[in-house]
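Summary of the model geometry
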Amino acid sequence: QVQLVESGGGLVQDGGSLRLSCAASGRTFSPYRMAWFRQAPGKEREFVAGIIWGAGNTNYADSVKGRFTISREFAKKMAYLQMNSPKPEDTAVYYCAASTNAFGSWFSGASYDFWGPGTQVTVSS
């Protein structure tokens, strides 16, 4: 059984920085892709960033491109989201997700098999 747990959320000022971490556990953890999604109050969950676990290819939502960076560490089974220059509109619950499906969409939550419980990020202006 795979479990994902996010950490690193909190309150950050507009223009500051924050790093989210996602720890994976489970002997059979071998995803094809990891991603970060977010959901703001009253809004639908949306894709933020993704990375191919093996090759390292990345993909970003236009709204965060150039500001956020996704990365991973094999040995530690960790994924990260470095958030630079966050804006108030980045305020949301951030979720880590893992997909075993090489043919699924990067952007659809339905493509992901495992999810963390989420961590709150609040950006103050």
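Just above, that's the structure.
The paragraphs below set out a description of the structure included in this document.

The next thing to look at is the nonpolar core. Core analysis: the biggest nonpolar cluster contains 36 residues, and L4, M34, W36, L81 and Y94 have the highest contact counts within it. Contributing elements (two or more residues each) for this core: β3 (17–25), β4 (33–39), β5 (46–52), β7 (68–73), β8 (78–84), β9 (92–99) and β11 (119–124).

Now for the environment of A92. Within the secondary structure layout, A92 lies in strand β9. Counting along the chain gives 40 residues from A92 to I52, while the straight-line C-alpha distance between them is 24 Å. Not counting residues within four places of it along the chain, the set of residues in contact with A92 comprises R38, Q39, A40, T119, Q120 and V121.

Strands sit in the order β1-β3-β8-β7 across an open sheet of four strands; the sheet is antiparallel. Two strands lie at the open edges of the sheet, namely β1 (3–7) and β7, each paired on one side alone. Recorded for the sheet is a direction-independent mean angle of 15° between the axes of neighbouring strands. Looking at chain direction, β3 and β8 are connected through seven bridges and run antiparallel.

A few words on the pairing of β1. Covered by surrounding structure in β1 are L4 and E6 only, the residues Q3, V5 and S7 on the alternate face being uncovered. Here five bridges tie β1 to β3, and the two strands are oriented antiparallel to one another. Within β3, the residue paired with Q3 across the bridge is S25.

For a regular strand, side-chain orientation follows a simple rule: the groups alternate between the two sheet faces. Pairing analysis gives six bridges linking β7 to β8, with the strands arranged antiparallel. Considered in β8, the bridge of E73 is made with M78. Counting the residues in the hairpin turn of β7 and β8 gives four residues, including K77, whose phi is positive at 55°.

For the structure on display, the rule yields one disulfide. Each disulfide pairs two cysteine sulfurs, and for C22 the partner residue is C96, the sulfurs being separated by 2.0 Å. Of note, the bridge from C22 to C96 carries an S-S torsion of about -75° and is left-handed in sense. In this pair, C22 is assigned in strand β3 and C96 in strand β9, connecting sequence segments 74 residues apart. Of the two residues, C22 and C96, neither departs from the other in class, the shared state being buried.

For the structure shown, the criterion picks out seven aromatic pairs. With a centroid separation of 6.2 Å and 65° between ring planes, the pair formed by Y112 and W115 is classed as edge-to-face. Relative accessible area serves as the criterion here: at 6%, Y112 is assigned to the buried category. Taken together, the aromatic side chains of F37, F47, F107, Y112 and W115 make up a single cluster linked through ring pairs. The ring of W106 carries R33 above its face, with NZ or CZ at 4.8 Å from the centroid. In this structure, R45 packs its charged tip against the face of W115, placed 4.2 Å from the ring centre.

Basis of the calculations
Residues numbered from 1 in each chain as written. Predicted model: local features only at pLDDT ≥ 70, side-chain atom pairs only at ≥ 80, totals over all residues. Heavy atoms only, no water. Core = buried A, V, L, I, M, F, W, Y, C linked by side-chain atoms within 4.5 Å. Buried < 20%, exposed > 50% of the residue type's maximum accessible area, 1.4 Å probe, protein only. Helix = DSSP H or I, 4+ residues; strand = E, 2+ residues; numbered from the N terminus. Contact = heavy atoms within 4.5 Å. Pairing = 2+ DSSP bridges. Axes fitted to C-alpha atoms, helices over the stretch in contact; angles between N-to-C directions. Disulfide = S-S within 2.5 Å. Phe/Tyr/Trp six-rings, centres within 6.5 Å; stacked < 30°, edge-to-face > 60°. Lys NZ or Arg CZ within 6 Å of the ring centre and 35° of its normal.

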